[in-house]
Amino acid sequence: MADLFLSYARGDEQRAEEVAAALRASGYSVWRDDELPAHRGYADVIQERLNSAKAVVVLWSAQAAKSHWVRSEAEAARQRNTLVQATLDGLVPPMPFDQIQCADLTRWQGHASTPGWHKLLSSVADLAGSAEGTPRANRRPVSVCVLPFQNMSGEAEQEYFSDGISEDITTDLSKVSALEVIARNTAFTFKGQLVNVREVAKRLGVTHVLEGSVRKAGNQVRITAQLIDGASGGHVWAERFDRDLTGIFAIQDEISTAIVAALKLKLLPNEKRAIEQRGTKSADAYNLYLLARQYWLTGNIGDQRREERVMRIGARAVEIDPYYARAWALLAMAQSNLRYGFRCLVDDGVAAANSALTIDPAIAEAHLPMVRRLEDRRSFAEADAEMEAAIRLDPESWEVNKEAARVAMRQRRIK
């Protein structure tokens, strides 16, 4: 049985897909009523799933408040103390549900660190225990969570740089076969919080936690990092790096290598080469990529200006370094959204996606513009094959999971 039961109204299917994809990316199994088996009665299956779910997530909206089914499912969960509520449009839940806390997802765009999402995920974790809870079992004896590095620059607009450093260190450590690393989406639920490292380690079931800070001023950057033992809270390793921006890649390499050494793990030659492969040697292109990525993650999905901004900055990044695969992939996704989401007369992103895959065939997100083009041409079998390729390459990618949810919804519509 699934960990979570997701309840929502007709008309909110797209938002429900996004919530379900994000919950699955955080380690939960999620059941929705569009997964009803063809051979069983609707009411029987619904009751069975409600009774077995560790938490029932109800997505309130103007439509949901009028839905007999949503109200009934919410009441069943309330009586069993498994109810977790979120509002999609700012609606206060109807009585008696207005007496229970409700997460606000009105402006949530999939970013793991937003207060509303963190509130929802914390409530779910309290009830279901999930990948972020104590039941989590490690596949390897040594594991680490890279907490989002603090932005110490004194300027909120520099947040993109500290977030980018945190993500890249997470990616680097994930290449070490002897080390288990908590996914970025899970780690970023702690962003902006004052946390007790030992409690974080216990909650996530990891042996170590990496935390740090980034101070960027002009062409200078200072990065501090400390590796902490999750059981004792003691420092295993700590260092401070003062460099100009051209040395940013060397800092990341040194941090990853030092952590592996501190944990007494063996770094294989191919893993060392993978960590040192940055995708670009240009600090300027890298900085632009991180800026575009931040707009992509935190911007309003329904706002065309988000895609236009990402496309403009991404184009500058690949102009500086035409062999920067990740920048090409991000540019491709922005172009694809503008073409198929907003019907703008721009390139559909496939050319940029092919550039990304030619340079680095392992970039999962570069397959997504191809999915959209093939669907637009009603070549659904080929679109599904591209989607499956993306999932194989990176099953934990937020973009890949979100697109997979949309494709799954399309498949149900055309059957």
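Please refer to the structure higher up on the page.
Now for a description of the structure that goes with this document. Treat the numbers as computed from the prediction; the structure is a model and nothing was measured.

## With respect to the overall build of the protein
- On a plain count of helices and strands, the protein comes out with 17 helices and 11 strands.
- What you see for the protein is a C-alpha radius of gyration of 22 Å, in line with the 22 Å of a compact globule of 415 residues.
- The buried share of the protein, reckoned over its 415 residues, is 54%.
- For the protein, the share of sequence-separated contacts (at least 6 apart) that also reach a separation of at least 24 residues comes to 64%.
- Of the charged side chains in the protein, 53 are positive and 55 negative, and the gap between their average positions amounts to 1 Å.

## Describing the pattern of salt bridges
- Following the criterion strictly, the structure yields 17 salt bridges and no others.
- Put simply, Arg184 and Glu167 hold a salt bridge, and the shortest N to O gap is 3.4 Å. With Arg184 in helix 7 (residues 184-187) and Glu167 in helix 6 (residues 159-174), this pair connects stretches of sequence that are 17 residues apart.
- The class of Arg184 is buried, set by a relative accessible area of 14%.
- We classify Glu167 as buried; its relative accessible area is 14%.
- Between Arg293 and Glu399 there is a salt bridge whose closest N-O contact spans 2.7 Å. With a gap of 106 residues between them, Arg293 in helix 11 (residues 283-298) and Glu399 in helix 17 (residues 398-414) connect regions that are remote in the sequence.

## Remarks on the environment of Glu159
- When you line up the elements, Glu159 lands in helix 6.
- The spatial distance from the C-alpha of Glu159 to the C-alpha of Tyr28 is 29 Å, given a sequence separation of 131 residues.
- Apart from residues no more than four positions distant in its own chain, Glu159 is found in contact with Asn151, Lys191 and Gln294.

## Looking at the packing of aromatic side chains
- Tallied over the entire structure, the rule returns five aromatic pairs.
- Their ring planes at 10° and their centres at 4.6 Å tell us that Trp108 and Trp117 sit as a pair that is stacked.
- Here Arg306 stacks its cationic end above the ring of Trp296, 4.1 Å away from the centre of that ring.
- Just above the ring of Tyr295 sits the side chain of Arg309; from NZ or CZ to the centre is 4.5 Å.

## Here we look at the environment of Asp376
- You can see Asp376 is positioned in helix 15 (residues 368-376).
- You can call Asp376 partly exposed: its relative accessible area is 44%.
- With 36 residues separating them along the chain, Asp376 and Tyr340 place their C-alpha atoms 8.2 Å apart.
- In this structure, Asp376 is in contact with Tyr340 and Arg343, ignoring residues within four places of it in sequence.

## Here's the deal with unusual backbone geometry
- Of the consecutive residues Met95 and Pro96, the connecting peptide bond is found in the cis state with omega at 0°.
- Phi is positive for Asn81, which is not a glycine, with a value near 60°.
- The class of Asn81 is exposed, set by a relative accessible area of 62%.
- With phi around 60°, Lys264 is a residue other than glycine that occupies positive phi space.
- Note on placement: Lys264 falls in the loop between helix 9 (248-262) and helix 10 (269-276).
- Lys264 sits in the exposed class, given a relative accessible area of 75%.

## Structural notes on helix 6
- Relative to the 22 Å expected for 16 residues at 1.5 Å per residue, helix 6 spans 23 Å between its end C-alpha atoms, a close match to the ideal helical length.
- Among the 16 residues in helix 6, 13 count as buried, and that is most of the element.

## Side note on the pairing of strand 1 (residues 4-7)
- The alternating pattern of strand 1 places Leu4 and Leu6 on one face and Phe5 and Ser7 on the opposite face, and all of these are buried.
- Sheet topology note: the strand 1/strand 2 (residues 30-32) ladder contains three bridges and is parallel. Following the sheet pairing, Leu6 is matched in strand 2 by Arg32.
- For the segment spanning strand 1, helix 1 (residues 13-25) and strand 2, crossover handedness is right-handed.
- Bridge count for strand 1 against strand 3 (residues 55-60) is four bridges, and the pairing is parallel. Among the inter-strand pairings, Phe5 is bridged to a residue of strand 3, identified as Val56.

## Details of the sheet that holds strand 4 (residues 83-87)
- Sheet architecture is open: five strands sit in the order 2-1-3-4-5, paired in parallel fashion. The sheet is open, and its two edges are formed by strand 2 and strand 5 (102-104), each paired on a single side. Adjacent strand axes in the sheet meet at a mean angle of 25°, parallel and antiparallel pairs treated alike.
- With respect to the sheet, helix 1 is in contact with strand 1, strand 2 and strand 3, its orientation differing from that of strand 2 by roughly 160°.

## Things to note about the side chain of Glu17
- With respect to the helices, strands and loops of the structure, Glu17 is situated in helix 1.
- Contacts of Glu17, omitting those with residues within four sequence positions, involve Arg32, Ala405, Arg406 and Met409.

## Examining the packing of helix 12 (residues 304-320) against helix 13 (residues 325-341)
- Running from N to C, helix 12 and helix 13 point in directions that differ by 150°, and their axes come no closer than 8 Å. One finds that helix 12 runs roughly antiparallel with respect to helix 13. Regarding helix 12 and helix 13, the two cross each other, and that crossing is left-handed. Contacts between helix 12 and helix 13 involve Gln304, Arg306, Glu307, Glu308, Val310, Met311, Ala315, Ala317 and Val318 on the former and, on the latter, Ala327, Trp328, Leu330, Leu331, Ala334, Gln335, Asn337 and Leu338.
- Tallied by class, residues from the contact of helix 12 with helix 13 come to 11 nonpolar, three polar and three charged.

Reading the values: the criteria
- Residues numbered from 1 in each chain as written.
- Predicted model: local features only at pLDDT ≥ 70, side-chain atom pairs only at ≥ 80, totals over all residues.
- Heavy atoms only, no water.
- Helix = DSSP H or I, 4+ residues; strand = E, 2+ residues; numbered from the N terminus.
- Rg over C-alpha atoms; globule rule 2.2 N^0.38 Å.
- Buried < 20%, exposed > 50% of the residue type's maximum accessible area, 1.4 Å probe, protein only.
- Contact = heavy atoms within 4.5 Å.
- Lys, Arg positive; Asp, Glu negative; His and termini not counted.
- Charge placed at Lys NZ, Arg CZ, Asp CG, Glu CD.
- Salt bridge = Lys/Arg side-chain N within 4 Å of Asp/Glu carboxyl O.
- Phe/Tyr/Trp six-rings, centres within 6.5 Å; stacked < 30°, edge-to-face > 60°.
- Lys NZ or Arg CZ within 6 Å of the ring centre and 35° of its normal.
- Expected span 1.5 Å × (residues − 1).
- Pairing = 2+ DSSP bridges.
- Right-handed = clockwise from strand over helix to strand, strands pointing away.
- Axes fitted to C-alpha atoms, helices over the stretch in contact; angles between N-to-C directions.
- Parallel < 35°, antiparallel > 145°, perpendicular 65-115°, else oblique.
- Left-handed = near helix turned anticlockwise from the far one by under 90°.
- Nonpolar A, V, L, I, M, F, W, Y, C, P; charged D, E, K, R; others polar.

From the geometry alone we can't say anything about function, so treat these as descriptive.
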